[in-house]
Structure formats: structure tokens, C-alpha cells
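Coordinate analysis (summary)
These are the residues of each chain, in order.
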Amino acid sequence: MAENKVTVRGFELEDFFTLSEIYDKLDINFNPKETEGMDVEAVKTLLVNTLLRKFHKAKNEILSLIADLTGLTVDETKKKGIKFIIDVFNDLLKDANFNESLSTVFTQKPTE
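The written sequence of each chain sets the order in which its residues are numbered from 1. pLDDT decides what is reported in this predicted model: residues at 70 or higher carry local features, side-chain atom pairs at 80 or more are listed and counted, and totals for whole chains, interfaces and linings draw on all residues regardless. Processing note: side-chain calculations cover all non-hydrogen atoms of the structure and skip hydrogens and water entirely.

Working definition: helices are DSSP H or I runs of at least four residues, strands are E runs of at least two. Numbering for both runs from the N terminus. For a helix, the expected span equals 1.5 Å multiplied by the residue count minus one. Look at helix α1 (residues 13-26): 20 Å from first C-alpha to last across 14 residues, which is about the 20 Å you get at 1.5 Å a residue. Exposure is judged per residue with a 1.4 Å probe applied to protein chains only, and the accessible area is read against the type maximum: over 50% gives exposed, under 20% gives buried, and values in between give partly exposed. Taken together, the buried positions of α1 are occupied by Asp15, Leu19, Ile22, Tyr23 and Leu26. End-on view of α1: buried residues confined to an arc of 100 degrees, all on one side of the axis. Exposed residues pointing more than 90 degrees away from the buried face of α1 are listed as Leu13, Glu14 and Asp24. Residue aspartate 27 follows α1 closely and has a positive phi angle near 55 degrees. Working definition: the arc comes from the directions between the helix axis and the C-beta atoms, pointing outward to the latter.

So, in C-alpha cells, the structure goes:
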């Protein structure tokens with residue numbers, strides 16, 4: 001069954017706060033030294049792999065973020081297949097604001 005393509009709006013500051021909440025729930029704690037020297041594509045791959053392994057821990061927040069990014073309701077989002085979810089994240093990974101957020105977060109030097 002083919003799914004209709006839904007447009008993903010641009011990543012905004014409010015989305016960053018939601019993403020931060022998701023990171024906390026998923027217990028994502030990349031040490032900046034771990035990602036030092038990695039290009040943005042490698043960091044994104046590491047992030048996506050980590051997210052996919054831990055999605056269940058922040059199910060509601062992830063569904064809410066996807067719904068918000070696509071203009072769908074959470075109930076509509078729940079009915080979509082995995083390909084739709086992957087497409088949304090692939091679109092998000094192409095967004096300049098999202099990439100800037102990743103670069104900022106993962107290149108911060110640790111404070112002593």
C-alpha cells in the first residue's frame with residue numbers, strides 16, 4: 001500500500017527543545033570527544049542509528065515531533081508505516097537548521 005508523501009516543514013527552535021527532550025529520554029549522551037573530527041554526515045548516521053535502537057523510550061515525544069513537522073495529527077502519524085517515518089527523518093537530515101543544531105551540539109567542548 002503506497003503512502004502519500006507529506007511535506008516536512010523546516011526545523012525550528014521549538015523543535016530543538018522537543019529534540020532535546022527526546023535525547024534525554026533516550027539517554028543520548030555523545031561525548032564531544034567521541035564525535036571530534038567526524039563530519040556532519042557521520043554524526044548524523046551515529047545519531048540515527050542510536051535513535052532507531054532506542055525509539056521505544058520516547059515513543060510519544062517522537063510521534064508528537066513527527067506530527068508537528070508534517071502537519072498531521074499524532075493519530076494520523078501513528079497509522080503511517082516505517083517508510084514514512086524514515087522519509088520524514090531523511091527530509092529532516094537535509095534541513096539546514098537541523099544540521100546547524102547538530103553541529104552546535106556535537107562540537108561543543110566539554111566544560112571542566
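Our focus in this paragraph is the packing of helix α4 (residues 59-70) against helix α6 (residues 82-93). Fitting a line to C-alpha atoms yields each axis, with helices limited to the stretch in contact; the angle taken between N-to-C directions then spans 0 to 180 degrees. Running from N to C, α4 and α6 point in directions that differ by 65 degrees, and their axes come no closer than 11 Å. One way to sum up the angle between α4 and α6 is to call them roughly perpendicular. When the axes of α4 and α6 are compared, the crossing they make is left-handed. Across the interface between the two elements, Ile62, Ile66, Leu69 and Thr70 from α4 touch Phe84, Ile85, Val88, Phe89 and Leu92 from α6. Counted by class, the contact of α4 with α6 contains eight nonpolar, one polar and no charged residues. In what follows, roughly perpendicular refers to angles from 65 to 115 degrees, roughly parallel to angles under 35, roughly antiparallel to angles over 145, and oblique to any angle outside these ranges. Helix crossings get a hand from a simple test, with the near helix turned counterclockwise from the far one by less than a right angle marking a left-handed crossing and a clockwise turn marking a right-handed one. A contact between two residues is defined here by any heavy atoms of the two lying within 4.5 Å. In this classification, the charged set is Asp, Glu, Lys and Arg, the nonpolar set is Ala, Val, Leu, Ile, Met, Phe, Trp, Tyr, Cys and Pro, and all remaining amino acids, among them Gly, are polar.

Opposite charge on two side chains permits pairing when their charged atoms draw close. Take a side-chain nitrogen of Lys or Arg and a carboxyl oxygen of Asp or Glu: if they are within 4 Å of each other, that pair is a salt bridge. On inspection of all chains with the given rule, the structure shows five salt bridges. Close ionic contact of arginine 9 with glutamate 12 constitutes a salt bridge, the shortest N to O distance being 3.8 Å. Judged by relative accessible area, which is 24%, arginine 9 ranks as partly exposed. Accessibility expressed as a relative area gives 43% for glutamate 12, which makes it partly exposed. Among the ionic pairs, lysine 83 bridges to aspartate 87, the shortest N-O distance being 2.9 Å. Of this pair, lysine 83 and aspartate 87 are both found in helix α6, four residues apart, which corresponds to roughly one turn of the helix. Through salt bridges that share partners, Arg9, Glu12, Asp15 and Asp68 make up one connected network.

Once that is clear, we can look at the environment of leucine 93. In this structure, leucine 93 sits in helix α6. For the pair formed by leucine 93 and phenylalanine 11, sequence separation is 82 residues and the distance between their alpha carbons is 9.7 Å. With near-sequence residues (within four places) excluded, leucine 93 lies in contact with Lys44, Val48, Phe98 and Asn99.

With that out of the way, let us pick up the confidence of the model for the protein chain. On average, residues of the protein chain score 82 in pLDDT, and 85% of them are at 70 or above. Across the protein chain, element-level confidence peaks in helix α5 (residues 74-78) with a mean pLDDT of 95 and bottoms out in helix α2 (residues 32-35) with 72. Predictor confidence is given residue by residue as pLDDT, running from a minimum of 0 to a maximum of 100.

The next subject is the packing of aromatic side chains. Under the pairing criterion, centres of Phe, Tyr and Trp rings, with the six-membered ring standing for Trp, must be within 6.5 Å; the plane angle then separates stacked pairs below 30 degrees from edge-to-face pairs above 60, leaving the rest tilted. This structure, assessed with the given rule, holds three aromatic pairs. Their ring planes at 80 degrees and their centres at 5.1 Å tell us that phenylalanine 11 and phenylalanine 98 sit as a pair that is edge-to-face. Of this pair, phenylalanine 11 sits in the segment before α1 while phenylalanine 98 sits in helix α7 (residues 96-106), and the two are 87 residues apart along the sequence. The pair phenylalanine 11 / phenylalanine 98 is uniform in exposure class, with both members buried. On the basis of an interplanar angle of 70 degrees and a centroid distance of 6.4 Å, the ring pair of phenylalanine 16 and phenylalanine 17 is categorised as edge-to-face. Taking relative accessible area as the criterion, phenylalanine 16 reaches 26% and is therefore assigned partly exposed. The exposure class of phenylalanine 17 is partly exposed, given its relative accessible area of 49%. Definition used: whenever NZ (Lys) or CZ (Arg) falls within 6 Å of the ring centre and also within 35 degrees of the ring normal, the charge is taken to sit over that ring. Between lysine 80 and the ring centre of phenylalanine 84, over which it is positioned, the NZ or CZ distance is 5.1 Å.

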